[in-house]
Amino acid sequence: MLGSRPTRVRSELSPSQTKKKDWQHSSLGSLIADPLVLWPPRPSGGLGTGSTELGLNRPRPELLEPSRPLQPGRSQPKTLRGMDEERRGTWFGFGFCGFGQALGSGLGRQVHSPEPVRMPGGSVDVCRVSASWSYTAFVTRGGRVQLSGAAGGAADGYTDACASEELLVLLRAGPGAGAELQAWAPGSALRGEPLWSHAVQEAEHGPNRDETQAGLLPLLPCARAYVSPRPSFYRPLAPTLRARRLELGAEHALLLDAAGQVFSWGSGRHGQLGHGTLEPEPEPRLLEALQGLRMAEVAAGGWHSVCLSETGDIYIWGWNESGQLALPTKSLAEDGKTTAGEASGLDEDGSEVKRVSAGEDGAPAPFIAVQPFPALLDLSPGSEAVKVSCGSRHTAVLTRTGELYTWGWGKYGQLGHKDTTTLDRPCRVEYFVDKQLQVRTVSCGPWNTYVYAVEKEKS
Amino acid sequence: MAGPSALWEALQALLPRTKEELKLELGEKVEGSVVMLLQEAAELFHGGQRRKCLQTCEVLLDYSWEKLNTGPWQHVDKDWRRVYAFGCLLKAVCLCEPPGDAASVAAALKACDMGLLMGAAILGDILLKVAAVLQKHLLLEYIQEVAGCRTVPVEVGSRYTDEGWSQTLMTVNEFISKYIRNEPKDIGYLAQHQLFDQIPELKQDISIPDYCCLGDGEEEEITINAWFGPQGTVSPLHQDPQQNFLAQVMGRKYIRLYSPQESEALYPHDTHLLHNTSQVGLGAPVGPPPCLLRPDRWVAFSPGEDGPSRSTPDPCTLTHSSETPGRVLTSGPGTWAHPGATPGCQGGRSDWLTTSEEPGHQAADELLLQSCPWSPHPSPAPAPTAAQACSEPRMTDEERVIWALVLKLGTRGMFFRTYRSLAA
């Protein structure tokens, strides 16, 4: 029964059909090409409850990308059966908020433990968060872009945003046929005119049709180009790449194609390209080390790269100066804090014992500053990773069961472990477990983390 | 102790007076959000909110650090390096707020060093000055900790040829307090004292280069002297029969060196006590800037005059001015040396030999390196035997130049040994 689900999902909820439904039912009357809306739309924000509160009735993440086959054994989301229980969720944030960007209480400049995001203008229906260093862009289901932090302002009619210090890129559902890409100066408060705009062609029909989704920036919906915060801003991609997802690091780019292959290009000085060298690559180059494995997700940090296989494995490579690869890093060892690679078990009296991992001959494991080709990372036995996002020097991974793991640079609380410790091994964010919340989406800014979580199902 | 507040005042004196002056002119590469933070840091600093200023500095440092690590180093925009340096500066000064402890000052010095290593010059090379102040403070704190109560001989008066010159005994603490810190009124000089024999703990801090043992003399004949004083200390032009290695630990020293062959032109005193001391320099500072290595401009003058006649320049062979600690000067036996105040320093006594900046500095260093017997360049003949005062050593024309070795040792606490002579 479960095995037949994938086809049903695709045929019933193909994007073109959902789009039509959105047109019909959207309260704002504007086109919402929201790929996440794969269930019958909510006329008033809820199914049966009539609530207009924040809730996002999202199906489980694995259904958001129809090209990914479902695995047997996954429980069925209630949404597909016709939602007999509302699953309301909340956005949480933690980490750096030194410019006053909405990230929870925002007390001081840092939030060390997840706190509900308080949006200006009351609770809104945020479906996408793109955080730059000094400001965050929130996109609501109603098409409103709200900026918070060093850059402010709001505007309607948008479906996607990509925030960076130099540029705020917005995707507007244009009048008539095409959508429009707009680049704004963050300081403009979205008043006046964008710095430039570019008509974006609709996706072609055919297999690529699934990619006409918002939430893809910096990749454009047509998948023929992407946007960079540095000139040249509009960068075409070879059509042969069939790009599904694109992520930008400080000096490199990662691309996930429809076949689950990963390409990388840019500077390789810190091993972030994954080709086994420190050489730069001017053009997208296939990651041969991952050949044969279908990848489902990619994410790029400042100088590191992560991808998730369809079976939930994590592959990670690049710079490990803050332990963002979950490999032992020298800087932490010098502070006496590295615990990576340990066999963390319980001592006889039940207290947790941290031991530095030992090699075969009993010598301590070597430190890794740069990992130039993908390394497989185990979160915890049996867990499957389904979503990943990277900040500048930290990594956040979401499991199928809704647990969030973070590691790497933690100086501003961006790991969410109630402190500012930098970690070189994955640690679960206990806040969500304690509150019985399941994390559904994670989106990292350079020095902070935004998370969307729902209450756990009562079985 | 007056230490922490004296340090704080010394640092404040280096910084711009107003908040408006504590700013950087930056180009477009630096985003508005960062400019905001820089202004905020300056405001917090001037508002006395050190802790918040430190927090803002950390943000500035972390962000600019990321920029410094993006792209090849040579392509990193200099403005980002200046932002980084600015963060280091305010961080360093904030860390020294009284009551500071040695750990905070050491952390402040580390911040300065990071700014010097990775940042770019700002506000007139202020990081160099701050680092010098911090280093001096740390060194003084350390010396006081190890040797503060020990009694040492101190020379008071500008030079040992003066009438008012005297020697006295006092503790190291007293010496530092009276003659090093707090705007001393007189010049006090802890000079030519075998401090490391008196306080072996200090000797443990230094390592003696192996080449000091290359000589023929006996080990017991090797002496290590310490020279510790404020700016403006001068030793009159004198001749030393021993081989010397002079290592700079802290501060700058400007030294003029003359070949033994010029002994006659330097008019040593007739008396036995001062037979190795030149009479030159008794007059008021006048005269043209000294020249370097221009045999066509040798000077002859007689003592008692106000200065040299303008028609003949001085026979100075070489000058050595150590800009940075860690440099070592070695001079062969019979060398005339005039360690004097740093050229141009305020309040320092300097005579006609040392008033001006030596334009040939770089040339001096290069020459020193080239003539060094341990350098890869062809070495000159070995030094002659120890010369008697006023007698001419047997040196060929090529060897007229005093060979000297300048090494960058890069370690703290290097002083020097002297020993008799190298092999003939």
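Before reading further, recall that the structure is shown in the block above.
Our subject in this report is the structure included herewith. (Residues numbered from 1 in each chain as written. Chains lettered and ligands numbered in written order. Predicted model: local features only at pLDDT ≥ 70, side-chain atom pairs only at ≥ 80, totals over all residues. Heavy atoms only, no water.)

With respect to the nonpolar core
1) Next: In terms of nonpolar packing, the biggest core is built from 57 residues, with Trp133(A), Val34(B) and Leu134(B) touching the most fellow members.
2) Next: Looking at this core, the elements with two or more residues in it are α1 (3-14), α2 (32-46), α3 (50-68), α4 (78-95), α5 (102-118) and α6 (126-147) of chain B.
3) Next: Not counting the four nearest positions on each side in its chain, Trp133(A) is found in contact with Phe96(A), Phe99(A), Gln101(A), Glu165(A), Pro446(A), Trp447(A), Ser33(B), Val34(B), Leu37(B), Val59(B) and Tyr63(B).
4) Next: Within the second largest apolar cluster, 29 residues are counted, among which are Phe92(A), Val129(A), Ala131(A) and Val429(A). (Core = buried A, V, L, I, M, F, W, Y, C linked by side-chain atoms within 4.5 Å. Buried < 20%, exposed > 50% of the residue type's maximum accessible area, 1.4 Å probe, protein only. Helix = DSSP H or I, 4+ residues; strand = E, 2+ residues; numbered from the N terminus. Contact = heavy atoms within 4.5 Å.)

Here we look at the interface of chain B and chain A
1) Next: Contacts between chain B and chain A engage 18 residues on the former and 20 residues on the latter.
2) Next: Regarding the contact of chain B and chain A, the summed buried area is about 1600 Å², with carbon and sulfur atoms giving 59% of it.
3) Next: Inspection of the chain B/chain A interface yields 3 salt bridges.
4) Next: Here Glu58(B) and Lys411(A) are joined by a salt bridge, their closest N and O atoms 2.6 Å apart.
5) Next: For the pair chain B and chain A, the interface holds 12 residue pairs in polar contact (both at pLDDT 80 or more). (Buried area = accessible area lost by both parts, 1.4 Å probe. Salt bridge = Lys/Arg side-chain N within 4 Å of Asp/Glu carboxyl O. Polar contact = N/O pair within 3.5 Å; in protein donor to acceptor, adjacent residues only side chain to side chain.)

Some remarks on the pattern of salt bridges
1) Next: For the coordinates displayed, the defined rule picks out 22 salt bridges over all chains.
2) Next: For the salt bridge of Glu288(A) with Arg285(A), the shortest nitrogen-to-oxygen distance reads 3.6 Å.
3) Next: Given the relative accessible area of 46%, Glu288(A) is considered partly exposed.
4) Next: What emerges from the salt-bridge pattern is a single network uniting Lys411(A), Glu58(B), Asp62(B) and Lys91(B).

Topic: the sheet that holds strand β26 (residues 423-428) of chain A
All names here are of chain A.
1) Next: With antiparallel pairing, the 4 strands of this open sheet are ordered in space as β23-β24-β25-β26. The open sheet has two edge strands, β23 (385-390) and β26, and neither has a second partner. Each strand of the sheet is rotated relative to its neighbour by a mean of 15°, with strand direction disregarded.
2) Next: Sheet topology places strand β24 (residues 394-399) next to strand β25 (residues 404-408); 5 bridges connect them, and they run antiparallel. Its bridge partner being in β25, alanine 396 is matched across the sheet by threonine 406. (Pairing = 2+ DSSP bridges. Axes fitted to C-alpha atoms, helices over the stretch in contact; angles between N-to-C directions.)

What to know about the sheet that holds strand β4 (residues 135-140) of chain A
Pairing between sheet strands relies on hydrogen bonds along the backbone, with the strands arranged either parallel or antiparallel.
Residue and element names in this part refer to chain A.
1) Next: With antiparallel pairing, 4 strands are arranged side by side in an open sheet as β3-β4-β5-β6. Single-partner strands in this sheet number two, and they are β3 (126-131) and β6 (153-156). Direction aside, neighbouring strands of the sheet carry axes that sit 15° apart on average.
2) Next: Of the strand pairs in this sheet, β4 and strand β5 (residues 144-149) are connected by 5 bridges, and their pairing is antiparallel. What sits directly across from alanine 137, in β5, is leucine 147.

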